[in-house]
Amino acid sequence: MEDFLNVTSDGNHQFSDGAESKTLSCNIAKRTITVTASAQTIKTGANGTASISTGTGYATLSGQVSGHTLSAVTLTASRTTYGTGTITPSAATIKSGSTDVTSNYSITYTAGTLTINDGTAPSISINAYYSNDAAYSGAWVTTDTIKSVTTFSDSGSGIDATSLAWSYDNSTWTKYS
């Protein structure tokens with residue numbers, strides 16, 4: 001930003017060229033600052049999508065003049081469904097008290113990490129048909145929601161568990177062998 005400064009002699013002094021006043025130009029560089037989106041880990045809702053938290057509490061400002069604060073920022077998620085993405089900050093407003101000083105800065109934006117976990121509990125239906133077992137006599141056995149699964153095989157002499165088992169904890173299925 002180019003600015004001009006008018007300098008006038010006090011009457012007792014002159015510039016080296018004999019002039020008593022001059023208009024000087026000076027360039028004032030904008031200060032470089034960084035706005036960084038905070039990392040967020042969230043879960044999807046019942047509809048399978050998620051929304052990030054927004055506002056200045058979810059971004060940081062660095063490199064600013066003392067007393068200048070981040071008063072507004074736009075945060076945009078790269079995705080709204082299960083997976084990993086980014087949160088991109090933009091359109092920051094920097095203030096000194098109530099005065100907008102954003103134009104004094106060159107702002108660099110740094111994305112934050114977004115992790116969206118599946119927030120819906122899995123519902124698994126297991127149907128087991130025991131044709132050789134008198135207790136079940138051809139009936140279907142159903143479990144609607146479970147926390148662990150072990151697969152079974154019928155070797156002809158009864159039901160034997162195989163070495164494959166799954167466990168559910170905090171939105172994650174884990175295979176055990």
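Residues numbered from 1 in each chain as written. Predicted model: local features only at pLDDT ≥ 70, side-chain atom pairs only at ≥ 80, totals over all residues. Heavy atoms only, no water.

A.B. asks: Sorry if this is basic, but what is going on with the overall build of the protein here?
C.D. replies: From N to C terminus, the protein includes zero helices and 15 strands. In the protein, which comprises 177 residues, the proportion classed as buried is 18%. For the protein, the share of sequence-separated contacts (at least 6 apart) that also reach a separation of at least 24 residues comes to 46%. (Helix = DSSP H or I, 4+ residues; strand = E, 2+ residues; numbered from the N terminus. Buried < 20%, exposed > 50% of the residue type's maximum accessible area, 1.4 Å probe, protein only. Contact = heavy atoms within 4.5 Å.)

A.B. asks: What should I look at first to understand the pairing of strand β5 (residues 59–62) in this one?
C.D. replies: Residues in a regular strand project their side chains so that they alternate between the two faces of the sheet. Covered by surrounding structure in β5 are Ala59 and Leu61 only, the residues Thr60 and Ser62 on the alternate face being uncovered. Across four bridges, strand β3 (residues 31–37) lies against β5 in antiparallel orientation. Its bridge partner lying in β5, Ala37 is registered against Ala59. (Pairing = 2+ DSSP bridges.)

A.B. asks: Can you walk me through the nonpolar core in this structure?
C.D. replies: As a rule of thumb, soluble globular proteins bury nonpolar side chains together. If you look at the biggest cluster of nonpolar residues, it comprises 18 residues, and the most contacted ones within it are Val35, Leu70, Val73, Leu75 and Ile94. Those elements that provide at least two residues to this core are β3, β5, β6 (68–77), β7 (83–96) and β10 (112–117). Setting aside residues no more than four positions away along its own chain, Ile94 makes contact with Ile33, Leu61, His68, Thr69, Leu70, Thr99, Asp100, Val101, Thr102, Tyr105 and Ile107. (Core = buried A, V, L, I, M, F, W, Y, C linked by side-chain atoms within 4.5 Å.)

A.B. asks: What should I look at first to understand unusual backbone geometry in this one?
C.D. replies: Unusually for a residue other than glycine, Ala91 sits at a positive phi of about 50°. Relative to the elements of secondary structure, Ala91 occurs in strand β7.

A.B. asks: Teacher, can you tell me more about the environment of Thr84 here?
C.D. replies: By the element assignment, Thr84 lies in strand β7. Once residues within four sequence positions are removed from consideration, Thr84 is found in contact with Arg79, Thr113 and Leu114.

A.B. asks: Just checking my understanding: could you explain the sheet that holds β3 for this structure?
C.D. replies: Strand pairing in a sheet is mediated by backbone hydrogen bonds. Such pairs are either parallel or antiparallel. Taken in spatial order, the three strands line up as β5-β3-β9 in an open sheet, and their pairing is mixed. Taken across any chain shown, the strands that pair with only one partner, and hence form the sheet edges, are β5 and β9 (105–110). Averaged over all adjacent pairs, the angle separating strand axes in this sheet is 20°, with direction ignored. (Axes fitted to C-alpha atoms, helices over the stretch in contact; angles between N-to-C directions.)

A.B. asks: What is the right way to read the pairing of β10 from this model?
C.D. replies: Summarising the sheet, strand β4 (residues 40–43) and β10 pair through four bridges and their orientation is parallel. Following the sheet pairing, Gln40 is matched in β10 by Leu114. As defined by bridge partners, β7 adjoins β10 across five bridges and the pair is classed as antiparallel. Opposite Gly83, over in β10, you have Ile116 as the bridge partner.

A.B. asks: In this structure, what is going on with the side chain of Thr44? I would like to understand it.
C.D. replies: Mapping Thr44 onto the fold places it in the loop between β4 and β5. What makes Thr44 buried here is its relative accessible area of 7%.

A.B. asks: How do you make sense of the pattern of salt bridges when you look at a structure like this?
C.D. replies: A pair can form between side chains of opposite charge whenever their charged atoms are brought close. Within this structure, the stated rule accounts for one salt bridge. Residues Asp17 and Lys22 are paired through a salt bridge, measuring 2.8 Å at the closest nitrogen-oxygen approach. (Salt bridge = Lys/Arg side-chain N within 4 Å of Asp/Glu carboxyl O.)

A.B. asks: Whenever I open this one, the side chain of Thr102 confuses me. Can you help?
C.D. replies: Inspection of the secondary structure puts Thr102 in the loop between β8 (99–100) and β9. A polar contact is formed between the side chain of Thr102 and the side chain of Asp100, at a distance of 2.6 Å. With residues up to four places along the chain from it excluded, the contact list for Thr102 reads Ala92, Thr93, Ile94 and Ile107. (Polar contact = N/O pair within 3.5 Å; in protein donor to acceptor, adjacent residues only side chain to side chain.)

A.B. asks: Would you mind showing me how to read the confidence of the model for the protein here?
C.D. replies: Low-pLDDT stretches of the model should not have their predicted coordinates read in fine detail. Looking at the protein as a whole, the pLDDT averages 76, with 66% of positions reaching at least 70. Segment residues 124–134: pLDDT under 50, and 30 contacts once partners within four positions in sequence are set aside and those in other chains are kept. Counting contacts from residues 136–165, a segment whose pLDDT is below 50, to residues more than four positions away or on other chains yields 67 contacts. (pLDDT = per-residue confidence, 0-100.)

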